[in-house]
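# Coordinate inspection notes
If you want the building blocks of each chain, they are given just below.
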Amino acid sequence: MFLQLDEVYTLTVISNGQTYTATETLKSVAPISEIVQNNEGGITGDQVEVKTFFNDPEVAENYYMFKYKYSNKAKLDYQVSDDRFFQGNQFFSLSNNEDLSAGDQINVTHYGVSKTYYNYMNILLSIAGNSGGGPFQSPPATVRGNIINTTNFDDYALGYFRLSETTSGNFIIQ
């Protein structure tokens, strides 16, 4: 079975007498065209910055998720973006790891995501971000994904059923 871009797919899970369903649309992603390093990045101009470029398609409203995996740290960095301000132009995702040094390796993955998943991740990333709070701070609101318990609507599942086309690249800091 081959998945088709812009098709809607449904997931059904039956567990302990409960039926959960979710639907999602498989979205495309623009291929990575170039990864570049700037040794004078950041606000102070003394950080290593890595930009991963791609050409956003002109005719479609697109939403993206970017994942950066570093060889020098265990935590992955995620970002989301929409093409509202760069529709049809070249744009980039940006590494925000301030501890990069020569020889460190970066794996970058770009995902094409739906608007609803973009909104979901945007909320999660803002809650989990470095903007204060701690590990025991409660989220300001319940973050619900697209998985619905059709047996008992009030007993909702955590998480999100997502489909994405991906593109990735590897880079070694010079």
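A brief report on the enclosed structure follows. (Residues numbered from 1 in each chain as written. Predicted model: local features only at pLDDT ≥ 70, side-chain atom pairs only at ≥ 80, totals over all residues. Heavy atoms only, no water.)

## Focus: the sheet that holds strand 2 (residues 18-25)
Overall, antiparallel pairing links the 3 strands, which are arranged 1-2-9 in an open sheet. If you trace the sheet from one side to the other, it starts and ends with strand 1 (8-15) and strand 9 (148-149), each paired once. As paired elements, strand 1 and strand 2 share 8 bridges and run antiparallel to each other. Pairing of isoleucine 14 across the sheet is with threonine 19, part of strand 2. (Pairing = 2+ DSSP bridges. Helix = DSSP H or I, 4+ residues; strand = E, 2+ residues; numbered from the N terminus.)

## Things to note about the pattern of salt bridges
Within this structure, the stated rule accounts for 4 salt bridges. A salt bridge links lysine 73 to aspartate 77; its shortest N-O distance comes to 3.2 Å. The exposure class of aspartate 77 is buried, given its relative accessible area of 6%. Where aspartate 77 meets lysine 75, a salt bridge forms, and the shortest distance between an N and an O atom there is 3.9 Å. Put simply, Lys73, Lys75 and Asp77 are held in one network by salt bridges that share partners. (Salt bridge = Lys/Arg side-chain N within 4 Å of Asp/Glu carboxyl O. Buried < 20%, exposed > 50% of the residue type's maximum accessible area, 1.4 Å probe, protein only.)

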